[in-house]
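Close look at the chain arrangement
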Amino acid sequence: MVKLVLGFSHSIGQVFIMGYIKRIITRKKPTNNSGQKRSRADKSSLKKNLGENIKTIKGILGQSPDVVVRQFRAGEDGELAVGVIYIEGLADRDLIQDFIISVMMQGRNKTGKDSELSFGDGIFKRLTDLMLPVGDVKDIPDYDSLFSALLTGDTVILINGCKKGLAVSSGGWDKRSIEEPTSQTVVRGSKEGFTETLRTNTALIRRRIKDPSLWMEVKSIGRRTRTDVAVMYIKGVANDRIVEEIHRRLDRIDIDGILESGYIEELIQDETYTLFPTVFNTERPDIAAGALLEGRIALIVDGTPFALLVPALFAHFFYTSEDYSQRADIATLLRLLRYLCFFLTLLIPSFYIAITTFHQEMIPTQLLISLKAQREGVPFPAILEALLMEVTFEILREAGLRMPRAVGQAVAIVGALVLGEAAVQAGIVSPAMVIVVSITAISSFVIPSYNLAISIRIMRFIMMFLAAVFGLFGIAIGLLAIILHLCSLRSFGIPYMMPMSPFVAADQADTLVRVPYWGFFTRPRLIAQTDMVRQQRPSDAEPRPPEGNE
Amino acid sequence: MKPRTMLLLIPIIFVILLTACWSKRELNELSVVSALGIDKHGEDYIVTAQIINPRQIAQQTLDIQTPITTYRAKGQTLFEAVRRLTLEIPRELYLSHVRTVIFGEELARDGIEKALDLLLRDHQFRADFYMMVAREEKAERVLDVLTPLEQIPGNMIYSALETSESRWGPTHAADLEELAVYLSAEGKNPVLTGIILEGSAQTGMDIENIEKVDVPTTVQIGHLAAFKGDRLVGWLNENESRGYNHIMGNTKNSVVTIPLQGGGKMAIEITGHRTDIKAVMKNGGAGIEIEARLEANVGEAQCAAELDESQVLQYIQEALEREVKGYMEAAIRSAKQDLKSDIFGFGDIVYRTYPKVWKDLSSSWEDEFIRLPVRIKVNAKIKGIGTTTQAFKKESKE
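Keep in mind that this is a model prediction, so the values were computed, not measured.

This part takes up the overall build of chain B. Counting secondary structure elements, chain B contains 15 helices and 13 strands. In terms of overall dimensions, chain B has a C-alpha envelope of 90 × 60 × 60 Å along the principal axes. The contacts in chain B between residues at least 6 apart in sequence include a share of 73% that link residues at least 24 apart.

Now for the overall build of chain A. The helix and strand tally for chain A stands at 17 helices and 12 strands. Per-residue burial for chain A yields a buried fraction of 33% across its 550 residues. Within chain A, counting contacts between residues at least 6 apart in sequence, those at least 24 apart form 66% of the total.

Next up on the list: unusual backbone geometry. As a rule of thumb, non-glycine residues mostly have phi less than zero, and peptide bonds are mostly trans rather than cis. Residue and element names in this part refer to chain A. A cis amide bond links Met498 to the next residue, Pro499, at an omega of 0 degrees. With respect to the helices, strands and loops of the structure, Pro499 is situated in the segment after β12 (494-495). Going from Ser501 to Pro502, the amide bond is cis rather than trans, its omega being 0 degrees. Phi at Phe492 is positive, roughly 50 degrees, even though this residue is not glycine. For Phe492, the location among the structural elements is in the loop between β11 (490-491) and β12.

Bringing the sheet that holds strand β11 (residues 265-282) of chain B into the picture now. Residues and elements named next belong to chain B. Taken together, the 4 strands give an open sheet; going across it, the order is β10-β11-β12-β13, and neighbouring strands pair in mixed fashion. Sheet topology places β10 (254-259) and β13 (374-384) at the edges, where each strand pairs with a single neighbour. Neighbour-to-neighbour, the strand axes of this sheet turn through a mean angle of 40 degrees, independent of strand direction. Bridge analysis of strand β12 (residues 285-302) against β13 gives 10 bridges, and the strand direction is parallel. Within β13, the position partnered with Arg293 by the bridge is Asn379. Packed onto the sheet, helix α12 (residues 346-353) meets β11 and β12 and runs at close to 45 degrees relative to β11.

Residues Ala298(A), Leu299(A) and Phe103(B) are the most contacted members of the largest nonpolar core, which totals 190 residues. If you tally residues by element for this core, the top one is helix α16 (residues 450-470) of chain A, at 10 residues. In terms of nonpolar packing, the next biggest core, distinct from the first, is built from 27 residues, Leu46(A), Ala74(A), Ile85(A) and Leu146(A) among them.

Right, let's get into the pairing of strand β8 (residues 218-228) of chain B. Residue and element names in this part refer to chain B. In terms of strand pairing, strand β7 (residues 191-198) meets β8 through 7 bridges, oriented antiparallel. Within β8, the residue paired with Val191 across the bridge is Ala226. Bridge count between β8 and strand β9 (residues 231-235): 4 bridges; the pairing is antiparallel. Bridged to Ala226 within β9 is Gly234. If you look at the hairpin formed by β8 and β9, you'll find 2 residues sitting between the two strands, and Gly229 has a positive phi there, around 65 degrees.

The description of two helices packed together rests on the angle between their axes and the distance between the axes. All names here are of chain B. Relative orientation of the contacting elements helix α5 (residues 113-121) and helix α8 (residues 176-184) amounts to 135 degrees, with a least axis distance of 11 Å. Accordingly, the angle class assigned to the pair α5 and α8 is oblique. As for how α5 packs across α8, the hand of that crossing is left-handed. Within the contact between the two elements, α5 uses Glu113, Leu116, Leu119 and Leu120 and α8 uses Leu176, Leu179, Ala180 and Leu183. Taken together, the residues that form the contact of α5 with α8 break down as 7 nonpolar, no polar and 1 charged.

It is worth spelling out the environment of Ala279(B) at this point. Residues and elements named next belong to chain B. Looking at where Ala279 falls in the secondary structure, it is placed in strand β11. A sequence separation of 70 residues divides Ala279 from Ile349, and the C-alpha atoms of the two residues are 6.2 Å apart. Excluding residues that lie within four positions of it along the chain, Ala279 makes contacts with Ala286, Ile288, Ile349, Val350, Thr353 and Tyr354.

Turning next to the domain arrangement of chain A. Each assigned domain of chain A is listed here: domain 1 (38-168), domain 2 (198-312) and domain 3 (328-495). One C-alpha centre belongs to domain 1 of chain A, the other to domain 2 of chain A, and the line joining them spans 34 Å.

Residues and elements named next belong to chain A. Within helix α10 (residues 285-293), 7 of the 9 residues are buried, which leaves the element mostly enclosed by the surrounding structure. Every buried residue of α10 is accounted for by Pro285, Asp286, Ile287, Ala288, Ala289, Ala291 and Leu292. As for α10, its buried residues are in contact with α7 (198-208), β7 (227-234), β8 (280-282), β9 (297-301) and β10 (307-310). Of the residues one or two after α10, Gly295 is the one with positive phi, at around 100 degrees.

All names here are of chain B. Each assigned domain of chain B is listed with its residue range as follows: domain 1 (28-235) and domain 2 (238-398). Between the C-alpha centres of domain 1 and domain 2 the distance comes to 32 Å. On the side of domain 2, 23 residues touch domain 1, which itself brings 20 residues to the contact. Looking at the side of domain 1 that touches domain 2, the elements that each hand over two or more residues are α7 (153-167), β8 and β9. A total of 6 residues in the side of domain 1 that touches domain 2 trace back to one element, the largest contributor, which is β8. Residue classes in the side of domain 1 that touches domain 2 are distributed as 8 nonpolar, 8 polar and 4 charged.

Take the interface of chain B and chain A next. Counting residues at the interface gives 26 residues for chain B, matched by 23 residues for chain A. For the side of chain B that touches chain A, the secondary structure elements donating two or more residues are α1 (3-18), β1 (30-41) and α2 (54-57) of chain B. Across the side of chain B that touches chain A, the residue classes break down as 12 nonpolar, 8 polar and 6 charged.

Let's shift gears to the packing of α16(A) against helix α17 (residues 472-488) of chain A. Residues and elements named next belong to chain A. Packing of α16 against α17 leaves a shortest axis separation of 7 Å and a crossing angle of 145 degrees. Of the two possible hands of crossing, α16 and α17 adopt the one that is right-handed. Packed against α16, whose contacting residues are Met459, Ile462, Met463, Leu466, Ala467, Val469 and Phe470, the element α17 presents Phe473, Gly474, Ile475, Ile477, Gly478 and Ile482 at the interface. The residue inventory of the contact of α16 with α17, partitioned by class, reads 11 nonpolar, 2 polar and no charged.

On average, chain B scores 87 in pLDDT, and the residues at 70 or more come to 96%. For this predicted complex, the interface confidence score (ipTM) comes to 0.81, while the overall pTM stands at 0.82.

A word on the confidence of the model for chain A. The share of residues in chain A with pLDDT of 70 or more is 88%, and the mean pLDDT across the chain is 84. For chain A, per-element mean pLDDT is lowest for helix α2 (residues 34-41) of chain A, which scores 44, and highest for β9(A), which scores 96.

So, on to the sheet that holds strand β4 (residues 155-159) of chain A. Residues and elements named next belong to chain A. The 5 strands are arranged β1-β2-β4-β5-β3 in an open sheet whose pairing can be described as antiparallel. Two strands in the sheet have a free side with no partner beyond their single neighbour: β1 (67-74) and β3 (137-140). Across the sheet, the mean angle from the axis of one strand to that of its neighbour is 25 degrees, orientation sign disregarded. The sheet strands contacting helix α3 (residues 50-60) are β1, β2 (80-87) and β4, and the helix crosses β2 at an angle near 15 degrees.

This part takes up the environment of Gly236(A). Residues and elements named next belong to chain A. Here Gly236 is to be found in the loop between β7 and α8 (240-252). Using a count of 13 C-beta atoms within 10 Å as the deciding quantity, one classes Gly236 as partly exposed. Excluding its chain neighbours within four sequence positions, the residues that come into contact with Gly236 are Ser213, Thr530 and Asp531.

So, how was this worked out
- Residues numbered from 1 in each chain as written.
- Chains lettered and ligands numbered in written order.
- Predicted model: local features only at pLDDT ≥ 70, side-chain atom pairs only at ≥ 80, totals over all residues.
- Helix = DSSP H or I, 4+ residues; strand = E, 2+ residues; numbered from the N terminus.
- Contact = placed C-beta atoms within 7 Å.
- Buried ≥ 20, exposed ≤ 12 C-beta atoms within 10 Å, placed from the backbone.
- Pairing = 2+ DSSP bridges.
- Axes fitted to C-alpha atoms, helices over the stretch in contact; angles between N-to-C directions.
- Core = buried A, V, L, I, M, F, W, Y, C linked by C-beta atoms within 7 Å.
- Parallel < 35°, antiparallel > 145°, perpendicular 65-115°, else oblique.
- Left-handed = near helix turned anticlockwise from the far one by under 90°.
- Nonpolar A, V, L, I, M, F, W, Y, C, P; charged D, E, K, R; others polar.
- Domains from an automatic or database assignment.
- pLDDT = per-residue confidence, 0-100.

Below you can see the structure in the form of structure tokens.
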């Protein structure tokens, strides 16, 4: 029976929908490799002639007007023709002005040792050692490195007669300042959120964990976008095999563009054909830091404030950072409330349908009469009525999300009136159904993680159909299938339902409940496998009155 | 997934979807029956169904309708009669929410066993409704009466029975399971609570009945109907009914008024009650010993007694014991002499204690029961005397 249900759930979910998608995916074989062609062509090294080099660069960049080329002469008698190239908006113009161009142009007067600023292989070494007061300077031997430096905001210095160039780190573009996160708000806790800039984000984490073993490895992914992706973890705490696995999966990515961490998420997750998220995303540096301390690994993608955390377990999607800043008892109750709301938002409409169409004997008589009176004159069966309301609600929610903020008020008013008043007055839906849908909707907002909330929304409809066809049996079958499916999932090799299945007694202290800190100072079992102990003797941390002081 | 597995899944999905919404019933396709009345008319049964009018109950209409409607139909069997009701009712009868089943006295005297079969067999009936007997009346007339406060008479009767059993005493809420056990056991006979129509049935079914402050027609519960086997053999009066409940240990909370020396009266609230019934062998014959232990509070004192004196309390305890013992004796006397029915299950107790003796007695238990010696011992304990020790009158004199 169990096998049948398992097979059934797998089949419905995977064969009919996912199998179709799979076929579509495999049908489209990648055909053009223009991106790769370009990079191969640029492997050629720089020419000696400055003019020729500049012409080539401009040609490849398509004469884009934001590419600034400043040519001037330096050296004793101005015998050195120098070209400074940068992209306006990406590079900090003041820095180029003050520390590159003006320094080089005045250099001949200051140093007095003009002979040293002359032709030869050592010229760039001289420049770097003596003349350029900027932090990061790199040699560039070929066009490929020239373009990657130029397009990340560096300033390229070319000198006539040299087959090399110099890239000076001068990145300085307009960026959003650190703001309060909008998707995961707290009452108590840090109000800092990630921004779109990778460096800012890594700094936000480093500020929280001042540990030399907080390691970071940066990869650039995306043939055209060359998006920087930083893998951050605490060496010795994070499981090395998971880190390796992440690198393996990141290296496998061959795509033209990464614009958001969602791209990475979909390309590295364990199981595509599931409704449940197996990668956690957060906008909050404190959540990321907490995860790193648990031995999880953070992936920070340039250009998005959403960092990815792996491995992600089912229970993680019910935690908030506030669980750890509020008292343990409050945190426990709120966490239990969230688990309750998970079931409410998943099951209330299906339960209502099942009970009112199949199991009327289960309803207390008074309630039955009241429900019956409300349904008098409603023309649709309960399932249609529920679908009507749920779909209307989904439309309203999506509309509220996508529409310009200025007209948002209108949607709220229309929605409230249509849902709450007119539909009931017209006798199209019963007031009880409005209550059911409202509870469902409000409960779904309690789930702290948006991507889990979405998957519950989808499952809710499946459950509603099952309830309409089979009643409570259908709900039981649906729940069974969901549980079996959850137990079959893994996130980077870690069972998704851990620490419930497999059961890990030590981790129970921070799963359904959150016991006080002095009660659970070990890291989650399967995630961190080496350095398990956060504190040697947790009981010493328990606050108690001073001894011998009466 | 391989294509073969997919092929296998297609029939499975079809099979599931082809069942559609099997046995689905929308709420507005049902007529909820709150009470059933069963009467006999010659050889046929008459079934009265009291159907709830939900709009009126939920106050969704402005026009005045009665909160219930009754329909009746005749049939050779109960099931036939129930189904015949659909001739008049547009919706399927829904029997899961039946709160009360009322038997007419005529039917009860003829025997209720045949009528019980449908209630036991049909899956729609939940076993938690109570059964009653309409005293000297047809069940259909009792069900026609509109009741104030609780608008659905079926529910009213149900909750009145529960409340009176737990707060007053001389009623007994018997559900289907209990009745079935009593009917199938040897040496045990069931009792059901009676229901009495007070006033005229004609005004009772009019909506004006519940528009008056002093309701002209009411249904009242009370008095136990004693059965012998499945036949009604007679009625216990109020004191006998209380005696029955004291013997059976059914009393949860009750009030007993005891006469005192010098014409005073005192109302005692019984708060705890426990009865042990034992069978004993005495002089070669079976006998029954009943030992009841009561816990009580003084509820009301219409006398000048000093309640803080232990002799006074002792006296009250003894008076209470006498009173309760009197009820119990009255019940036994009535069962032995008038009803000739072992409604207390004494036979069952003898059978459990002395199975071998029971073998000889069982065939003639009816006669044996009448001769059965019963000894009653009541042990009362006054636990509390309320918030004042002395009666009001005396204090005001001083």
